Amino acid sequence: ISVQDRGFQFADGVYEVVRFKGSRFLWLDEHLARLERGLTALAIPGVGSRDRFTRVLPELVRRSGSGEGSIYLQVTRGPAPRDFSMPISAVPTELAYVAPQTFFTWDQVLAGTTACLMEDIRWTRCDIKAICLTAAVLGKAVAAERGASEVIWVGPDRLVREGGSCNLFVVRGGEVWTHPADRHILAGVTRLRVLEIARESGVVVREEPVTAEELLVADEVFLSSTLRDLLPILRVDGRPIGRGQAGPVSLRLAERMRAVVDRELSADG
Ligand code: PLP
């Protein structure tokens, strides 16, 4: 990769993380569609990227010899002499590698996780999965300092947006609330599945934000992401959410999510 790659010097690109097991990918089409939308939003010529990844990924996984894990995909604007204006003729750099890993056990889901609230210091195009993750790096560092595992971004209006690398859901009176998929959050592939599963389970879903203060007194809070599926958040800013244990709505949806993921990733699914 050239030292002049726009990804390296300007964080000028987009990425995806896709889970796989054996020869099966979890919601690959949705991830590649989001990658394509990101490329369009950044005016990076993405012609053929989607088809190339679709062709190459099975072979990449096969050659890696790993049975389970995630694939990191990245497309940058490519190498060009350093200049803020977009180069006319740079050829995008496409990259993919395999990270072998295992995913949460049910006991880990029950054990949940912790988070802290922080002012959202990101830009106003969080709908693009851009490789510039400086704000998330700072946010996760603040979370670690405060003894929490994840940061929750709060807007200037005190509305809760999402997590450092996940979407966020709040359960109030049996209903699931989550920020609408606008420019303040990434429309997570897993988030969409959570909403589908909730509706199928007869749970009322509201794509409306709640305030930080409402979150702190919610019955349950949980997150969703490719690498964590659906995970209860048991403490925020050191204070227990509800009874400080994984709640019934979170667990019902997490159970259902595991079944859906297992089915998608099973060889005969
Ligand atoms: N929001 C942010 C900021 C993220 O970085 C991520 C994933 O990395 C998500 C949400 C969850 O998206 P997905 O479910 O597609 O992994």
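Before reading on, note that the structure itself is shown above.
Report on the accompanying structure. (Residues numbered from 1 in each chain as written. Predicted model: local features only at pLDDT ≥ 70, side-chain atom pairs only at ≥ 80, totals over all residues. Heavy atoms only, no water.)

### Some remarks on the overall build of the protein
Scanning the protein from terminus to terminus reveals eight helices and 13 strands. For 269 residues, the compact-globule estimate of 2.2 N^0.38 gives 18 Å, and the protein sits close to it at 19 Å. Overall, the C-alpha framework of the protein stretches about 55 × 45 × 30 Å when taken along its three principal axes. Pairs at least 24 apart in sequence give 71% of the contacts found in the protein among residues at least 6 apart. Working note: accessible area of the protein is about 13,000 Å², and carbon and sulfur atoms make up 54% of it. Across the protein, the centroid of the 34 positively charged side chains sits 2 Å from that of the 35 negatively charged ones. (Helix = DSSP H or I, 4+ residues; strand = E, 2+ residues; numbered from the N terminus. Rg over C-alpha atoms; globule rule 2.2 N^0.38 Å. Contact = heavy atoms within 4.5 Å. Areas by Shrake-Rupley, 256 points an atom, 1.4 Å probe, with all protein chains shown as cover. Lys, Arg positive; Asp, Glu negative; His and termini not counted. Charge placed at Lys NZ, Arg CZ, Asp CG, Glu CD.)

### With respect to helix α5 (residues 134–145)
With twelve residues, α5 extends 17 Å between its outermost C-alpha atoms, agreeing within 8% with the 16 Å of an ideal straight helix rising 1.5 Å per residue. Of all the positions in α5, only Ala135, Ala136, Gly139, Val142 and Ala143 are classed as buried. Buried residues of α5, viewed axially, fall in a sector of 120°; they line one side. Exposed and oriented more than 90 degrees from the buried face of α5 are Val137, Ala144 and Glu145. Gly147 sits one or two residues past α5 and shows a positive phi near 75°. (Expected span 1.5 Å × (residues − 1). Buried < 20%, exposed > 50% of the residue type's maximum accessible area, 1.4 Å probe, protein only. Arc of directions from axis to C-beta.)

### Re the nonpolar core
Counting 25 residues, the largest nonpolar core has Trp27, Val176, Phe222, Leu230, Leu253 and Met257 as its most contacted members. Every element with two or more residues in this core is listed here: β8 (167–172), α6 (189–200), β12 (229–236) and α8 (248–265). In this structure Leu230 touches Val109, Val194, Phe222, Leu223, Ser250, Leu253, Ala254 and Met257, once residues within four positions along its chain are discounted. Counting residues in hydrophobic clusters, the runner-up holds 20 residues, among them Ala115, Leu117, Leu223 and Ile241. (Core = buried A, V, L, I, M, F, W, Y, C linked by side-chain atoms within 4.5 Å.)

### What about the sheet that holds strand β2 (residues 24–25)?
The four strands lie next to each other as β2-β1-β3-β4, forming an open sheet whose pairing is antiparallel. Since the sheet does not close on itself, it has two edges, and those belong to β2 and β4 (93–100), each with one partner. Strand contacts of helix α2 (residues 28–41): β1 (13–21), β2 and β3 (68–76), with the helix running at about 175° to β1, the strand carrying the most contacts. Across the face of the sheet, helix α3 (residues 49–64) comes into contact with β1, β2, β3 and β4 while running at roughly 35° to β4. (Pairing = 2+ DSSP bridges. Axes fitted to C-alpha atoms, helices over the stretch in contact; angles between N-to-C directions.)

### Topic: unusual backbone geometry
Excluding glycine, a negative phi dihedral is what most residues carry, and trans is how most peptide bonds are arranged. Phi is positive for Arg158, close to 75°, though the residue is something other than glycine. Here the phi dihedral of Asp237 falls at roughly 50°; this positive angle occurs in a residue that is not glycine. Mapping Asp237 onto the fold places it in the loop between β12 and β13 (239–240). For Asp237, a relative accessible area of 36% gives the class partly exposed.

### Structural notes on the pattern of salt bridges
A side chain with one charge can pair with a side chain of the opposite charge if their charged atoms come near. Scanning the entire structure with this criterion turns up 23 salt bridges. One salt bridge in this structure joins Arg63 and Glu59, with 2.9 Å as the shortest N-O distance. Pair noted here: Arg63 and Glu59 are both in helix α3, with a separation of four residues, about one helical turn. Residue Arg63 is classed as exposed on the basis of its relative accessible area of 67%. A residue is classified by how much of its surface remains accessible, and Glu59, at 30% relative accessible area, is partly exposed. (Salt bridge = Lys/Arg side-chain N within 4 Å of Asp/Glu carboxyl O.)

### Digging into the site of the ligand
The environment of the ligand is formed by 18 residues, the closest being Arg34, Glu162, Val189, Thr190 and Thr226. For the ligand, an oxygen atom lies 2.8 Å from a polar atom in the backbone of Val189. One of the side-chain nitrogen or oxygen atoms of Thr190 is found 2.6 Å away from an oxygen atom of the ligand. The protein chains hide 90% of the 390 Å² of surface that the ligand would expose on its own. Mapped onto the shell around the ligand, the elements with two or more residues apiece are α2, β7 (160–163), α6 and β11 (220–225). (Near = heavy atom within 4 Å. Polar contact = N/O pair within 3.5 Å; in protein donor to acceptor, adjacent residues only side chain to side chain.)

### Remarks on the side chain of His31
Here His31 shows up in helix α2. The residues contacting His31, other than those within four sequence positions of it, are Glu16, Val17, Val18, Leu26, Val189 and Thr226.

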